[in-house]
Amino acid sequence: MTDDAPEPPSGLRAMLPDLTPWRASRDFRRLWYAGLISNFGSFLTFVALPVQLKDLTGSAAAVGAIGAVELIPLLVFGLYGGALADAWDKRKLIVWTEAGQGLLSVALLLNALLPHPAVWPLYVVAALSSALVSVQRPALDSLWPRIVAHDHLPAAASLNSFRWTVGGVAGPALAGVVVAYAGLGWAYGADLLTFAVSVVLVVRIAASPASHEAAKPSLKAIAEGARYAWGRKELLGTYAVDLAAMFLAMPLALLPFLADELDADWSLGLMYASVPLGALLVSLVSGWTARIHRHGRMVVLSAALWGLAIAAAGIMSNVWLVLLFLTVAGGCDMVSGIFRGIMWNQTIPDELRGRLAGIELLSYSVGPTLGQVRAGGFASWWGVRTSVWSGGVLCAGAVGLLALCLPKLMTYDARTDKHAAQVRDQRAAAQV
């Protein structure tokens, strides 16, 4: 925060989300609305796809294999997508990838309407969707700092988290009802509609061409970003902590089977909605995050608590307690995500932002992707609930070990960090 920035509000107002970025930037509002709408539809498919696979195969390993087919596109296109985001117009990348996602929804819809839907298109669509998301997310993540003032980035991170969680709560909850009573086709059709609306909104934001310092997309450019990330041990720590937490304690692929074990099929939509609900509750009182400066410590603490909450959910035999601990886990994950986002956006220079966003994408996407494979494999060997609780315990232990191995993450302070000061000065100079 600059010396002349206004003091954060106190009392009840200090707990509420800061709407300043939403009020100050028209492009932020348009991008925020577009994300809200497309996220809502994506969560419909997020529930419908594993449910359809479960119905067609009856196999937890087959559902977990979604993560396996998503992995290679994530690895390839995540890093290259970051280089593209630095070298190309970010708005165009977002528009074309959003349109591509809409076409994939068409494929899922047509397959669902067949008398005997095939299994292989589900895996093909999952892989292609992973590739498109991997190209889009670095462009999207590197665009926010351009359309929001530097001092407003913590508030923007909270508002973006709130946007995601609204879709994450409403989408899965509605998907459970839609899939059960209307059919998979309605879920895929609604997802297609949301992508169409999102494209209309995104095309209206201002162009965001590459900065003149940006390197052309190449392996050399990707390696430059990787070297920068390796030299920033506090950033490296955020990537490693999130990767460990998501790989070891991401139970979403098992939720259809967990609902069966608890004899509570009706709870599946609520299970998928519980994690986003916890995140939403944190977002609604996220004003306190502006007064925290040791972001690395909060990343570590909240990731460890995420693991413990997932472990508790795996142990419980009462479905309402399972839902409670999944909600707690979602709140912890949101806290971690907010502070990771603040560190990334406030300390990475603009000319490297896309490539570093590509690395960030791998840290928060490869973990859940591989986590689905781990969860499905463990469930096949030792049972669904054992897979869930053991992953949570391993997560808490791994996060604690990483905190000991990466002391710069624990000592990071936004008030004194030289990289945060450099980016703040860079933004100030660009506005002169």
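Residues numbered from 1 in each chain as written. Predicted model: local features only at pLDDT ≥ 70, side-chain atom pairs only at ≥ 80, totals over all residues. Heavy atoms only, no water.

Caption draft 1: Up close: the overall build of the protein. Of the regular secondary structure elements, the protein holds 17 helices and zero strands. Here the C-alpha atoms of the protein give a radius of gyration of 21 Å, agreeing with the 22 Å that 2.2 N^0.38 yields for 432 residues. Structurally, the protein occupies a C-alpha span of about 60 × 45 × 40 Å along its principal axes. Every one of the 432 residues in the protein was classed for burial, and the buried ones make up 58%. Expressed as a percentage of contacts within the protein between residues at least 6 apart in sequence, the contacts between residues at least 24 apart total 87%. For the protein, the accessible surface area stands at approximately 18,100 Å², while carbon and sulfur atoms represent 69% of it. Here the protein holds 31 positive side-chain charges and 28 negative ones, and the gap between their average locations is 4 Å. (Helix = DSSP H or I, 4+ residues; strand = E, 2+ residues; numbered from the N terminus. Rg over C-alpha atoms; globule rule 2.2 N^0.38 Å. Buried < 20%, exposed > 50% of the residue type's maximum accessible area, 1.4 Å probe, protein only. Contact = heavy atoms within 4.5 Å. Areas by Shrake-Rupley, 256 points an atom, 1.4 Å probe, with all protein chains shown as cover. Lys, Arg positive; Asp, Glu negative; His and termini not counted. Charge placed at Lys NZ, Arg CZ, Asp CG, Glu CD.)

Caption draft 2: Region of the structure containing the state of the cysteines. By the definition in use, this model includes zero disulfides. Here cysteine 332 is not cross-linked by a disulfide; its sulfur's nearest cysteine counterpart is in cysteine 395, at 10 Å. Judged by relative accessible area, which is 13%, cysteine 332 ranks as buried. Among the cysteines around cysteine 405, which has no disulfide bond, cysteine 395 carries the closest sulfur, lying 15 Å off. (Disulfide = S-S within 2.5 Å.)

Caption draft 3: Broad picture of the pattern of salt bridges. Following the criterion strictly, the structure yields six salt bridges and no others. Measuring nitrogen to oxygen at the nearest pair gives 2.5 Å for the salt bridge that ties arginine 232 to glutamate 234. There is no split in this pair, since arginine 232 and glutamate 234 are both buried. For the salt bridge of aspartate 242 with arginine 340, the shortest nitrogen-to-oxygen distance reads 3.3 Å. Pair noted here: aspartate 242 is in helix 9 (residues 233-249) and arginine 340 is in helix 13 (residues 319-347), with a separation of 98 residues, a long-range link. (Salt bridge = Lys/Arg side-chain N within 4 Å of Asp/Glu carboxyl O.)

Caption draft 4: Fine view of the packing of aromatic side chains. Per the stated rule, a full pass over the model turns up eight aromatic pairs. Taken together, a centroid distance of 5.8 Å and an interplanar angle of 40 degrees make the contact between tyrosine 239 and tryptophan 344 tilted. Of this pair, tyrosine 239 sits in helix 9 while tryptophan 344 sits in helix 13, placing them 105 residues apart in sequence. The class for tyrosine 239 is buried, based on a relative accessible area of 6%. For tryptophan 344, a relative accessible area of 6% translates into the label buried. Relative to tryptophan 381, the ring of phenylalanine 378 lies with its centre 6.1 Å away and its plane at 40 degrees, an arrangement referred to as tilted. Residue phenylalanine 378 and its partner tryptophan 381 are both found in helix 14 (residues 353-382); the two are separated by three residues, about one turn of the helix. Taken together, Trp22, Trp32 and Tyr33 form an aromatic cluster joined through their ring pairs. Positioned above the aromatic ring of tryptophan 22, the side-chain terminus of arginine 29 is 5.9 Å from the ring centre. (Phe/Tyr/Trp six-rings, centres within 6.5 Å; stacked < 30°, edge-to-face > 60°. Lys NZ or Arg CZ within 6 Å of the ring centre and 35° of its normal.)

Caption draft 5: Seen up close, helix 7 (residues 184-202). Helix length check: helix 7 (19 residues) gives 28 Å between terminal C-alpha atoms against 27 Å at 1.5 Å per residue, within 8%. For helix 7, the set of buried residues is Leu184, Gly185, Ala187, Tyr188, Asp191, Thr194, Phe195, Ser198, Val199, Leu201 and Val202. (Expected span 1.5 Å × (residues − 1).)

Caption draft 6: Summary view of the side chain of threonine 327. Looking at the element boundaries, threonine 327 is found in helix 13. The contact partners of threonine 327, leaving out residues within four places of it in the chain, are Ser274, Leu277, Gly278 and Leu281.

Caption draft 7: Structural view of the nonpolar core. Tyr188, Val241, Leu255, Met271, Trp306 and Leu326 are the most contacted members of the largest nonpolar core, which has 81 residues in total. In terms of residues, this core owes the most to one element, helix 13, which gives twelve residues. Setting aside residues up to four positions removed in sequence, tryptophan 306 forms contacts with Ala245, Met246, Ala249, Met250, Val275, Ala329, Gly330, Cys332, Asp333 and Cys395. Ala34, Leu36, Leu84 and Leu140 belong to the second-largest nonpolar core, a separate cluster that totals 24 residues. (Core = buried A, V, L, I, M, F, W, Y, C linked by side-chain atoms within 4.5 Å.)

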